[in-house]
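Observations on the three-dimensional arrangement
Chain by chain, the residues run as shown.
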Amino acid sequence: MADSSRREIEDIVELLNKYHLTELEFEKKGVRIRVRRDPAPTFTSSSVEAAKPAEASSASSPQPSSPQFSELSHFLTVTSPIVGTFYRSSSPDADPYVEEGSLVKKGQVLCIVEAMKLMNEIEAEADGTVVKVLVESTTPVEFGQPLFLIDPL
Amino acid sequence: MADSSRREIEDIVELLNKYHLTELEFEKKGVRIRVRRDPAPTFTSSSVEAAKPAEASSASSPQPSSPQFSELSHFLTVTSPIVGTFYRSSSPDADPYVEEGSLVKKGQVLCIVEAMKLMNEIEAEADGTVVKVLVESTTPVEFGQPLFLIDPL
Amino acid sequence: MFKKILIANRGEIALRVIRACRELGIRTVAIHSEVDGHSLHVRYADEHVCVGPAEGALSYRNIPNVLSAAEITGVDAIHPGYGFLAENAHFAEVCESIGITFIGPSSEHIALLSDKSQARAHMKKHGIPVLPGSDGELEDPKECLAIAKKLGYPVIVKASAGGGGRGMRVVWHEEDLGQAVESAQLEARTAFGHGGVYLERFFEDPRHIEFQIMADHQGHVVHFHERDCSVQRRYQKVVEESPSPALDEALRRKMGQVAIKVMKSVKYRNAGTVEFLMDNTGQFFFMEVNTRIQVEHAVTEMVTGVDLIKEQIRVAAGQPLSYQQKDIQLMGHAIECRINAEDPERMTPCPGVITKFCVPGGPGIRVDTAIDTTGVVTPYYDSMIAKLIGYGRDRAESLARTRRALDEFVVEGIQSNIALHRRILDHPDFQKGPVSTRFLDRLLTLQSA
Amino acid sequence: MFKKILIANRGEIALRVIRACRELGIRTVAIHSEVDGHSLHVRYADEHVCVGPAEGALSYRNIPNVLSAAEITGVDAIHPGYGFLAENAHFAEVCESIGITFIGPSSEHIALLSDKSQARAHMKKHGIPVLPGSDGELEDPKECLAIAKKLGYPVIVKASAGGGGRGMRVVWHEEDLGQAVESAQLEARTAFGHGGVYLERFFEDPRHIEFQIMADHQGHVVHFHERDCSVQRRYQKVVEESPSPALDEALRRKMGQVAIKVMKSVKYRNAGTVEFLMDNTGQFFFMEVNTRIQVEHAVTEMVTGVDLIKEQIRVAAGQPLSYQQKDIQLMGHAIECRINAEDPERMTPCPGVITKFCVPGGPGIRVDTAIDTTGVVTPYYDSMIAKLIGYGRDRAESLARTRRALDEFVVEGIQSNIALHRRILDHPDFQKGPVSTRFLDRLLTLQSA
């Protein structure tokens, strides 16, 4: 077998392990991919518990939904709708529009993104708490760049 | 079967063992790969014995050794040691050195491969029965090309 | 010289500009849409900025975002490539107003020359041979009928703001004229926001010959000889070559002089192309000026040895041309095949996942592409995935090399027009020499017949 | 012209020859070893024959099998490429005897010129400047000491049958001479089956300048100007360029004339290279003739526009050269980097699986390789996986393009010398111009220091 084929197979097996799948099919031309994950086996006997094979145990372990991930997933991410420079306040001397922990109302200004000398106010899309400010003031931001995490009410 | 194919199969079996898989399919052109690892079986019995790890069970399960495979695998393949033109007989009028079904002795001439006007006699490497003549007389053959299948005694 | 240039484009032309910048020691900023984050032009650039979602109108054509990207990255200049904002006079004007160099002609040049009817009138005034046709846009239907009668049928209705075949109608009989004008006006209004159309005599078997021009800010104008782009389908160029097998030395010189006159008449600067329509007697007429670098600029680079993108940048930075007309010699022959992701039957774009992409190599072969060894062709943009250029000492060698390179080109996972290119290059008419703009349509009709 | 040619080689040079054949409309037969069955040269050829197991001696160098392959496929001619059987006089002779054209010089040419000491004597007789040294092979140790004394130390002991640095010893002090001669003799006997050695004065900082020659069967000999191959390590060329920054027009003309005289003196035919050693005063000496096409022929193709492989085939088929010396003009500049699969620290071959291979493109870039998008580098053959050639209008542009192309080159899964090439091309000495054959050793010593 060519080393490349062997490597390819090993790669597939690695994916199988990584995602605890029971089956992974892969075809190259026409890109056919098929994955399958059978439910973890059920054990009716208590004595078998200790003797369960290593493979089976990993197959039944919780999936990529780590605690952080699931927490993050219900936050709202406020992204920049334009390209420009991010400002947390209306002027260098003014207080920031919001801080981490601030309660915000839908439509409340969170920050400014300046583009072509125009100050664009970015507003909250929902009521909630500012969990995290993701960008430093005066930093350039691109389209779609996450600016804040909001925990919606 | 060519040695390379045999090697390929052995490689696959090795990968199956190494990664404790229950199934491994592999295709070459178009690179289709399919791997499967069944979750550990469901045990209803208290006997831990039966719950031996997947590794052992997959290793011992009857894998690619299909009947044809095991039959083919013990044939000897006589390949051409040189590049040239294959002749089954010493002259156009003469009888072929061997036919399918012929019993041959080690060292017995099986055919001629002519190269650069030289007639090179190809001999049997072991006693056995000619199972298959793989090339037509007067055909050009390349190095390593299978010429006969021999069922060794 | 500029320190940093933003490339307001994607795909192979973005890569082409980045390469030129690297060779000149200039830093580069790539812009990209949300689906292009992993594109090769992003990987090759020194910096990159996402400017919007997938749709070109919201990203690559999004003037505020593109200019903001230029501002936050602090570039001196913007190269627009071709397509997107390349011929947008407003964009060029805003660049000028905020002190960022637009690498191309001035906004006035773009405005004047993108109005085909206006450009036509201007050239006629300057003694450039234009196609027989109407003076200015058509207004009165009766006047229209009179002009068409004088020209003789068939005639062609063209949108002033047109391009790429849109807003065009060929009319063979008087009774169809009114309808054709109306539908062309409607199409032009929809496509370009301006419904003005004009009339020209229609030539049935013309050749498309264009001259590459470069003009500096000091008033020097040189041409780089011609390209023959007669192999077209629905006004889309498919194969281009230089020199044209339809020109001899005398005609080449004459057309080159006219092309320079065209550009001097508008005090043009930077790269541009003067397009001519030529009949089979060697008579030629001004069609239009393209105020951008073109897809097919590579064939000119191969036969003249000049790097046109670097020249664009040098000229935009205010450097005078470092050569005169006599220094631009044609050496050898080059043919370009536009490799598109398209359905070979219907010739419609065919996006998908490229599972294997392996380009030809060896002597005389140049490939410009933004596809790696694999890639994705999204439905959002142009379906061109590569340009294959075959160079040789003469047309025969260039043709032989391009043909063998087409055989080597591997594109798996999607459909492409590689087989069509083989058919074109294998065709005796093409091999013999000059073909007309109807060659490809005839070839395809024969196939389906 | 030939109808079918067998290419007695593998890798990029086999592809190179197949490409030339395709462009000439000649059918091709690839030969391959058991491990090369899926190689690109096999895929590109019209037919293919397995000629033996992996080891070159049993396959690509296996004369009976190679000739049988030629016989069963019915070819008219064999192109040997470089390496393997390319400079094997016996092979050329057998080809001649069975009526298959060996695309190269005659077996007599190979025999005469591959004996370095004999070639040296021949050239001296014909008034060609040779390096000060011994007349013929060394026999008597005393005589040897006397010659060395006359030459002045350092001297170099060279094997008559040598090549690639084997059988060579530099001697700095008289007391080391005897030992050096003995060990060179032993090494030469082991490597080449002939232990004869001779003496030459050793130059510490020489330049390696070689002239590409083509000679037809009608007695015409032209040269294609020089290549500078001074960037070497252990007598292995790493970077080559044309023209040489060390030559001016007068010296170029003079050396070209001498190169032609060399070839005319042996009534040479087909492609060959005359190698000169040049000191830093511009004095030059004949070193040897390579009786084959060389790896670095591509740089000459780029700057002259001539396809040397096609010329080899045409000349071998009996066609006269279609040009004269004055037609061969240097246009622009080209630099070649040999990309090897090697350990960057120890510079030893480093076989393995290439998991991703993506070559650079765009203007002025040529890549010759037999690797697809992935591939395997076996330990059996040469470690060169690609040649990257960067062409430009002048040396600065060629250098800029080659540098940016090195940045684009993607080789994953194995180690390569791409970073080393970057270091060479980034080095101020190389950028400034001519370097000596010790440049690379110094660069590498600095690194480890």
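Residues numbered from 1 in each chain as written. Chains lettered and ligands numbered in written order. Predicted model: local features only at pLDDT ≥ 70, side-chain atom pairs only at ≥ 80, totals over all residues. Heavy atoms only, no water.

When helices and strands are counted, chain C shows 15 helices and 20 strands. Taken over C-alpha atoms, the radius of gyration comes to 21 Å for chain C, in line with the 22 Å a tight globule of 449 residues would show. Burial statistics for chain C: of 449 residues in total, 64% are counted as buried. Residue pairs in contact within chain C that sit at least 24 positions apart in sequence constitute 65% of those at least 6 positions apart. Carbon and sulfur atoms form 50% of the exposed surface of chain C, whose accessible area is close to 16600 Å². Side-chain charges of chain C comprise 52 positive and 58 negative groups, with the mean position of each set lying 3 Å from the other. (Helix = DSSP H or I, 4+ residues; strand = E, 2+ residues; numbered from the N terminus. Rg over C-alpha atoms; globule rule 2.2 N^0.38 Å. Buried < 20%, exposed > 50% of the residue type's maximum accessible area, 1.4 Å probe, protein only. Contact = heavy atoms within 4.5 Å. Areas by Shrake-Rupley, 256 points an atom, 1.4 Å probe, with all protein chains shown as cover. Lys, Arg positive; Asp, Glu negative; His and termini not counted. Charge placed at Lys NZ, Arg CZ, Asp CG, Glu CD.)

All names here are of chain B. Strand order in the open sheet formed by four strands is β7-β6-β4-β9, with antiparallel pairing between adjacent strands. The two strands at the open ends of the sheet, each matched to only one other strand, are β7 (118–123) and β9 (139–141). Sheet twist, expressed as the average angle between the axes of neighbouring strands with direction ignored, equals 40 degrees. Of the strand pairs in this sheet, strand β4 (residues 84–87) and β9 are connected by three bridges, and their pairing is antiparallel. Bridging from a neighbouring strand, G84 pairs with V141 of β9. (Pairing = 2+ DSSP bridges. Axes fitted to C-alpha atoms, helices over the stretch in contact; angles between N-to-C directions.)

The next thing to look at is empty space enclosed by the protein. Scanning all chains against the criterion turns up seven cavities of 30 Å³ or more. Approximately 480 Å³ is the volume found for the largest cavity. Taken together, 28 residues make up the lining of the largest cavity; nearest its centre are M302, G364 and Y391 of chain C together with M302 and Y391 of chain D. Those elements that provide at least two residues to the lining of the largest cavity are α10 (297–304), β17 (365–369) and α12 (395–408) of chain C together with α10 (297–304) and β17 (365–369) of chain D. Here the second largest cavity defines a volume of roughly 400 Å³. Every residue lining the second largest cavity is counted, 34 residues in all, and those nearest its centre are C358, V359 and P360 of chain C together with V359 and P360 of chain D. Secondary structure elements with two or more residues in the lining of the second largest cavity: α1 (11–24), α2 (40–44), β16 (356–358) and β17 of chain C together with α1 (11–24), α2 (40–44), β16 (356–358) and β17 of chain D. Residues belonging to the lining of the second largest cavity are distributed by class as follows: 20 nonpolar, seven polar and seven charged. (1 Å grid on protein atoms, 1.4 Å probe; cavity = no way out; pocket = protein on both sides within 12 Å on 5 of 7 lines; lining within 4 Å. Points joined across faces, edges and corners; volume = space filled by probe spheres on them. Nonpolar A, V, L, I, M, F, W, Y, C, P; charged D, E, K, R; others polar.)

Residues and elements named next belong to chain C. One can describe the packing of helix α5 (residues 107–114) onto helix α6 (residues 116–125) by two numbers: an axis separation of 5 Å at closest approach and a directional angle of 95 degrees. Judged by the inter-axis angle, α5 sits roughly perpendicular to α6. Residues A111, L112, L113 and S114 of α5 form the contact with α6, whose participating residues are K116, Q118, A119, H122 and M123. The class makeup of the residues in the contact of α5 with α6 is five nonpolar, three polar and one charged. (Parallel < 35°, antiparallel > 145°, perpendicular 65-115°, else oblique.)

Attention now moves to unusual backbone geometry. For the bond running from S242 of chain C to P243 of chain C, omega is -5 degrees, close enough to zero to count as cis. Following Y153 of chain D, the chain continues to P154 of chain D via a peptide bond in cis, the omega torsion being 0 degrees. By secondary structure assignment, the location of P154 of chain D is in the loop between α7 (141–151) and β6 (155–163). Residues other than glycine seldom take positive phi values, yet K117 of chain A does so here, at roughly 65 degrees. Of note in the backbone geometry, K267 of chain C takes a positive phi value of approximately 55 degrees without being a glycine. Judged by its relative accessible area of 68%, K267 of chain C falls in the exposed class.

The next point concerns the confidence of the model for chain A. This prediction gives chain A a mean pLDDT of 74; 52% of its residues lie at or above 70. Here residues 40–70 of chain A scores under 50 on pLDDT; set against residues more than four positions off or in separate chains, the count is 38 contacts. (pLDDT = per-residue confidence, 0-100.)

All names here are of chain C. Within the open sheet, the five strands sit side by side as β3-β2-β1-β4-β5. Their pairing is parallel. Either end of the sheet is taken by a strand with one partner, and the two such strands are β3 (47–52) and β5 (101–102). Lying over the sheet, α1 contacts β1 (4–7), β2 (27–33) and β4 (77–79), oriented at roughly 170 degrees with respect to β1. Seen against the sheet, helix α3 (residues 63–73) touches β1, β2, β3 and β4 and runs at an angle of roughly 155 degrees to β3.

Opposite charge on two side chains makes pairing possible when the charged atoms of those side chains draw close. Taken as a whole, this structure holds 92 salt bridges over all chains when the rule is applied. The residue E23 of chain C makes a salt bridge to K310 of chain C at a minimum N-O spacing of 2.8 Å. Remark: K310 of chain C occurs in helix α11 (residues 308–316) and E23 of chain C occurs in helix α1; sequence separation between them is 287 residues. Relative accessible area serves as the criterion here: at 3%, K310 of chain C is assigned to the buried category. Of the charged contacts, one joins R120 of chain D and E200 of chain D as a salt bridge, the two residues approaching to 3.3 Å between their closest N and O atoms. Taken as a pair, R120 of chain D in helix α6 (residues 116–125) and E200 of chain D in strand β8 (residues 197–201) lie far apart in primary sequence, 80 residues in all. Side by side, R120 of chain D and E200 of chain D carry an identical accessibility label, which is buried. Shared partners join several salt bridges into a network, and the residues in it are R16, R19, E23, E301, D307, K310, R366 and D368 of chain C together with E397, R401, R404 and E408 of chain D. (Salt bridge = Lys/Arg side-chain N within 4 Å of Asp/Glu carboxyl O.)

Once that is clear, we can look at helix α4 (residues 89–97) of chain D. Residue and element names in this part refer to chain D. Within α4, burial applies to F91, A92, V94 and C95. The arc that holds the buried residues of α4, viewed along the axis, is 165 degrees, so those residues lie on one side. For α4, the elements touching its buried residues are α3 (63–73), β4 (77–79), β5 (101–102) and α5 (107–114). Sitting at the amino-terminal end of α4 is N88, which places a side-chain oxygen 3.0 Å from the backbone nitrogen of H90. Positioned one or two residues after α4, G99 has a phi angle of 80 degrees, which is positive. (Arc of directions from axis to C-beta. Polar contact = N/O pair within 3.5 Å; in protein donor to acceptor, adjacent residues only side chain to side chain.)

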